[in-house]
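# Structural characterization, general
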Amino acid sequence: MQYPQSAYIHIPFCSSKCYYCGFVSTVNTKLKTAYFFSLLKDIDTNYHQNELLTLYFGGGTPSILPVEQVSKILNKFKLSNSAEITFELNPEHANLEYLEKLFNLGINRLSIGIQTFNDDILNKIGRKHTSKIAIDAVKYANKAGFNNISVDLIYGLPCQTIKDFEYDLRIINDINIQHVSLYGLKIEDNSVFGKKLPANLPDDDLQADMYLKAIEVLKKFEHYEISNFALSKKYQSKHNLNYWKNREYYGFGCAAHGYENGIRYANSFDIHKYIDSPLMKDFGHTETEHEKLQEEIFLGLRIADGIDINIINEKFNINFNEKYKDTINKYKKSGHLIQTTKGYKLSNEGFLISTIILSEFL
Ligand code: SF4
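### Brief notes about a negative patch on the surface
A surface patch of negative charge is lined by Asp 203, Asp 204, Asp 205 and Asp 209. Here Asp 203 is to be found in the loop between α7 (192–195) and α8 (204–217).

### A few points about unusual backbone geometry
Between Gly 59 and the following residue, Gly 60, the backbone shows a cis peptide bond with an omega angle of 15 degrees. You can see Gly 60 is positioned in the loop between β2 (51–59) and α2 (67–74). Positioned with a positive phi, Gln 115 is a non-glycine residue whose angle comes to about 75 degrees. Here Gln 115 shows up in strand β4 (residues 109–115). Positioned with a positive phi, Asn 317 is a non-glycine residue whose angle comes to about 55 degrees. Tracing the backbone through its elements, the reader meets Asn 317 in the loop between α12 (309–316) and α13 (320–323).

### Details of α2
Of all eight residues in α2, six are buried, a share of seventy percent or more. Residues Val 67, Gln 69, Val 70, Ser 71, Ile 73 and Leu 74 constitute the buried set of α2. In this structure, the buried residues of α2 make contact with β1 (6–11), α1 (32–46), β2, β3 (78–89) and α3 (96–105).

### Considerations on the state of the cysteines
Tallying each qualifying case throughout the model produces zero disulfides. Here Cys 159 is not disulfide-linked; the sulfur of Cys 18 is the nearest cysteine sulfur, at 17 Å. Taking the relative accessible area as the measure of exposure, Cys 159 reaches 31% and is therefore partly exposed.

### Some words on the packing of α1 against α2
Following both chains from N to C, one finds α1 and α2 inclined at 10 degrees, their axes separated by 11 Å at the closest point. Overall, the two elements α1 and α2 adopt an arrangement that is roughly parallel. Residues Phe 36, Leu 39, Leu 40 and Ile 43 of α1 form the contact with α2, whose own contacting residues are Gln 69, Lys 72 and Ile 73. When grouped by side-chain class, the residues that make up the contact of α1 with α2 number five nonpolar, one polar and one charged.

### As for the pairing of strand β6 (residues 179–184)
Pairing geometry for strand β5 (residues 149–155) and β6, over six bridges, is parallel. Bridging from a neighbouring strand, Tyr 155 pairs with Gly 184 of β6. The parallel pair β5 and β6 is bridged by helix α6 (residues 162–174), and the resulting crossover is right-handed. Examined bridge by bridge, β6 and strand β8 (residues 228–230) share three bridges and lie antiparallel to one another. Looking at β8, one finds that Val 180 is bridged to Phe 229.

### What about the side chain of His 239?
Mapped onto the secondary structure, His 239 falls in helix α9 (residues 238–244). Within the local environment of His 239, its side chain forms a polar contact with the side chain of Thr 54, the two groups lying 2.8 Å apart. Apart from residues no more than four positions distant in its own chain, His 239 is found in contact with Ser 6, Ala 7, Tyr 8, Thr 54, Leu 55, Tyr 56 and Glu 84.

### Regarding the packing of aromatic side chains
Tallied over the entire structure, the rule returns 20 aromatic pairs. Aromatic side chains Phe 320 and Phe 361 sit 5.9 Å apart centroid to centroid with 25 degrees between the ring planes, which places their arrangement in the stacked category. Residue Phe 320 is found in helix α13, and its partner Phe 361 is found in helix α16 (residues 354–361); the two are separated by 41 residues along the sequence. Of the two residues, Phe 320 and Phe 361, neither departs from the other in class, the shared state being buried. An aromatic cluster is built from Tyr 47, Phe 77, Tyr 250 and Phe 252, whose rings are joined through pairwise contacts.

### Overview of the site of the ligand
Cys 14, Ser 16, Lys 17, Cys 18, Tyr 20, Cys 21, Phe 23, Gly 60, Thr 61, Asn 90 and Arg 127 make up every residue found near the ligand. Across the shell around the ligand, the residue classes break down as five nonpolar, four polar and two charged.

The rules behind the values
- Residues numbered from 1 in each chain as written.
- Predicted model: local features only at pLDDT ≥ 70, side-chain atom pairs only at ≥ 80, totals over all residues.
- Heavy atoms only, no water.
- Patch = residues over 30% accessible without salt bridge, like charges linked within 9 Å, V, L, I, M, F, W, Y side chains within 5 Å.
- Areas by Shrake-Rupley, 256 points an atom, 1.4 Å probe, with all protein chains shown as cover.
- Salt bridge = Lys/Arg side-chain N within 4 Å of Asp/Glu carboxyl O.
- Lys, Arg positive; Asp, Glu negative; His and termini not counted.
- Charge placed at Lys NZ, Arg CZ, Asp CG, Glu CD.
- Helix = DSSP H or I, 4+ residues; strand = E, 2+ residues; numbered from the N terminus.
- Buried < 20%, exposed > 50% of the residue type's maximum accessible area, 1.4 Å probe, protein only.
- Contact = heavy atoms within 4.5 Å.
- Disulfide = S-S within 2.5 Å.
- Axes fitted to C-alpha atoms, helices over the stretch in contact; angles between N-to-C directions.
- Parallel < 35°, antiparallel > 145°, perpendicular 65-115°, else oblique.
- Nonpolar A, V, L, I, M, F, W, Y, C, P; charged D, E, K, R; others polar.
- Pairing = 2+ DSSP bridges.
- Right-handed = clockwise from strand over helix to strand, strands pointing away.
- Polar contact = N/O pair within 3.5 Å; in protein donor to acceptor, adjacent residues only side chain to side chain.
- Phe/Tyr/Trp six-rings, centres within 6.5 Å; stacked < 30°, edge-to-face > 60°.
- Near = heavy atom within 4 Å.

Given below as structure tokens:
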């Protein structure tokens, strides 16, 4: 049996809760030690000791962990010599000593949650850093030796104008980073904003203009996925490409999702329950062939290269052009879907309405 070659590890602790956040995380950091031991048990039991190509520490806030714990987690895994090991970092946790220690452990990619360089907006969304702290975080990361750094930006934030967002993008062009992930703000029901909507939220049209502005300004980056930009192929997120290519992966930690042996699963969403019973799953579902086909199209069309219909036809024993002819014709005509030598891809305008288009393929 082929075991997954990627693993995600969820660290569900944060020093405070950002107002837009709907992720599973807690500010009760007293649970950290108990959680750590449960996480090790989860890994010891469910990891098959096979070699991994990517490992991703996400959260929550992994940078809340002491280096000793990060090291103990890392030592649980067999990693290929060229493995991509990503660590999510909050700018306020970036000091040179911590980053140097992470680098010396073998972590070779940082994902820094900057969100915006506008201090007023950072305050409005409940982030604890300032733009100066964010820029210093990138400088410290460079100094510590990291040369594969990704930055998260959010657009559509309260009171954000297109000029504000363009300012963020221009700074991104000027700092020494290799990758950008862009997210349009979505109001999650279980977030502070979900309970009380903030004033002056950009509408959908303005969000769409911001997205197109990003594509225009981030010219030095290759727009390789709907929300992701990399300086070159070398800096594309190998871990996320594994998801988008519909390959399997381990999920360790509370609320982590995994996909193994055709089964999609999620670990317990409740931190207390996870600490008590780290091997308990909240759900597990064996995918049907039809669901696998849907995932393949849904994920494949997120990538700028799009889908290869010969691979899909062979894998699922279908005639893609015949099965989806109405949807293909409709969106080719409107310019949202483009025919490639291998199959189809979405245009930039197609990315903007991808949810609608993809739902018609499903
Ligand atoms: S956005 Fe990230 S840092 Fe902020 S509360 Fe959510 S998980 Fe924590």
